[in-house]
Amino acid sequence: MLRVGVLVSGGGTNLQAIINAIDNGVIPEAQISVVIANSDMAFALERAKQAGIPTKVIVRKNFPSPAEFDIALANELRSHTVDLVLLAGFMAILGPDFFTHFENRVMNIHPALIPAFSGPGYYGLKVHKAILDYGCKVTGASVHFVTPEVDAGPVIIQKSVQIHQDDTPESLQKRVMEEAEWKIYPEAVRLFALGKLQVVGRQVIIDK
Ligand code: GAR
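What you are looking at is a predicted structure, and each value in this text was computed from that prediction instead of being measured.

J.: Account for the overall build of the chain, with residues named and values stated.
T.: A tally of regular secondary structure across the chain gives 6 helices and 9 strands. For 208 residues, the compact-globule estimate of 2.2 N^0.38 gives 17 Å, and the C-alpha radius of gyration of the chain, at 16 Å, lies within 12% of that figure. For the chain, the share of sequence-separated contacts (at least 6 apart) that also reach a separation of at least 24 residues comes to 65%. Accessible surface for the chain amounts to roughly 10100 Å². Of this, 52% is attributable to carbon and sulfur atoms. Separation between the mean location of the 19 positive side-chain charges and that of the 21 negative ones in the chain comes to 2 Å.

Okay, structure coming up:
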């Protein structure tokens, strides 16, 4: 049984997609052992409670340094003997101390086709606004393994989404979630649960 820990900050629709995929058997042999939010306002916490998943709130400002926040997160995950960590709209940057515990065991969903519109400062609606301002015709979402460099770890799955001429950041965010994020994140977790992902340098090899 794969034990998954999910870190969230906001609405939690990606968390919900993973919960649903586990419940309906798309992701086999997995359970979400804990959902951790960095704000007690995150609606994702309600989604976790509805699904009967233990929750925890760990707030950065309650720790003297970023490293101590990282260690508190890692300790909470380890107390639930988590095998895989999912960042699902988690709006905090994790430092190297976190990854010593979870090398190639942390995934993130990013709402663009990495390496475009990614890295520090590109999160949430800001990403979609930047994409529209640039005049792009196609965008998408990416699931990648997380490394200390923001949005720069090995890419696992990407899916493209057409941009419409009348899109707003909000309409584009909604379509990228519906057409890409809520599909590729559960799929990446499914492949991990089945032991089908192998990281070789920057490449993620998917066993067919
Ligand atoms: C999602 O669009 C996710 O890709 C994005 O935040 C949203 C969270 O929504 N993540 C980032 O921008 C990370 N750089 P959710 O809370 O409903 O899953």
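J.: Describe the site of the ligand, with residues and values.
T.: Lining the immediate environment of the ligand, one finds 15 residues, of which Gly 12, Thr 13, Asn 14, Gly 124 and Glu 181 sit closest. Residue Gly 12 places a main-chain N or O atom 2.8 Å away from an oxygen atom belonging to the ligand. Between the ligand and the protein, one listed contact pairs an oxygen atom with a side-chain N or O atom of Thr 13 at 2.6 Å. About the coverage of the ligand: the protein hides 93% of its 450 Å² of free accessible area. Of all the secondary structure elements, the ones that give two or more residues to the shell around the ligand are α1 (13-23), β5 (106-110) and α6 (169-193).

J.: Describe the packing of aromatic side chains, and please don't skip the residues or the numbers.
T.: Scanning the model with the defined rule gives 6 aromatic pairs in all. Between Phe 63 and Phe 69 the ring centres are 6.1 Å apart and the planes differ by 55°, which places this aromatic pair in the tilted class. On the basis of an interplanar angle of 90° and a centroid distance of 6.1 Å, the ring pair of Phe 117 and Tyr 122 is categorised as edge-to-face. For Phe 117, a relative accessible area of 17% corresponds to the buried category. When its relative accessible area of 31% is taken as the criterion, Tyr 122 is described as partly exposed. Through pairs of rings, three or more aromatic residues link up here, namely Phe 98, Phe 99 and Phe 102.

J.: Please provide a residue-by-residue account of the nonpolar core, values included.
T.: In terms of nonpolar packing, the biggest core is built from 48 residues, with Val 6, Leu 15, Ile 32, Leu 86, Met 107, Ile 156 and Tyr 185 touching the most fellow members. Top element by residues in this core is α6. It accounts for 9 residues. The next biggest cluster of nonpolar side chains, apart from the first, holds 19 residues, and it includes Ile 58, Ala 72, Val 85 and Phe 102.

J.: I'd like to hear about the pairing of strand β2 (residues 30-37), residue by residue, with values.
T.: Along β2, 7 of the 8 residues are buried, which leaves the element largely enclosed by surrounding structure. Of the crossover connections in this fold, the one passing from strand β1 (residues 2-8) over α1 to the parallel β2 is right-handed. For β2 and strand β3 (residues 55-57), the ladder comprises 3 bridges, and the chain directions are parallel. By the bridge assignment, Ile 36 is partnered in β3 with Lys 56.

J.: Could you give an account of the layout of surface pockets, with specific residues and numbers?
T.: In this structure, the largest pocket spans a volume of roughly 700 Å³. Taken together, 37 residues form the lining of the largest pocket, with Gly 89, Phe 90, Met 91, Asn 108 and Tyr 123 sitting closest to its centre. Listing elements by their share of the lining of the largest pocket, those giving two or more residues are α1, β4 (84-88), β5 and α6. For the lining of the largest pocket, the residue count by class is 18 nonpolar, 16 polar and 3 charged.

J.: I'd like a rundown of the pairing of β4, residues and numbers included.
T.: Here β4 lies mainly inside the structure; 5 of its 5 residues are buried. Along β4, one buried face is formed by Leu 84, Leu 86 and Ala 88 and the opposite face, lined by Val 85 and Leu 87, is buried too. Pairing between β1 and β4: 5 bridges, direction parallel. When the sheet's bridge partners are listed, Val 8 is paired in β4 with Ala 88. As judged from the 3 bridges shared by β4 and β5, these two strands associate in the parallel manner. Paired with Leu 87 across the bridge in β5 is Asn 108.

The rules behind these values
Residues numbered from 1 in each chain as written. Predicted model: local features only at pLDDT ≥ 70, side-chain atom pairs only at ≥ 80, totals over all residues. Heavy atoms only, no water. Helix = DSSP H or I, 4+ residues; strand = E, 2+ residues; numbered from the N terminus. Rg over C-alpha atoms; globule rule 2.2 N^0.38 Å. Contact = heavy atoms within 4.5 Å. Areas by Shrake-Rupley, 256 points an atom, 1.4 Å probe, with all protein chains shown as cover. Lys, Arg positive; Asp, Glu negative; His and termini not counted. Charge placed at Lys NZ, Arg CZ, Asp CG, Glu CD. Near = heavy atom within 4 Å. Polar contact = N/O pair within 3.5 Å; in protein donor to acceptor, adjacent residues only side chain to side chain. Phe/Tyr/Trp six-rings, centres within 6.5 Å; stacked < 30°, edge-to-face > 60°. Buried < 20%, exposed > 50% of the residue type's maximum accessible area, 1.4 Å probe, protein only. Core = buried A, V, L, I, M, F, W, Y, C linked by side-chain atoms within 4.5 Å. Right-handed = clockwise from strand over helix to strand, strands pointing away. Pairing = 2+ DSSP bridges. 1 Å grid on protein atoms, 1.4 Å probe; cavity = no way out; pocket = protein on both sides within 12 Å on 5 of 7 lines; lining within 4 Å. Points joined across faces, edges and corners; volume = space filled by probe spheres on them. Nonpolar A, V, L, I, M, F, W, Y, C, P; charged D, E, K, R; others polar.

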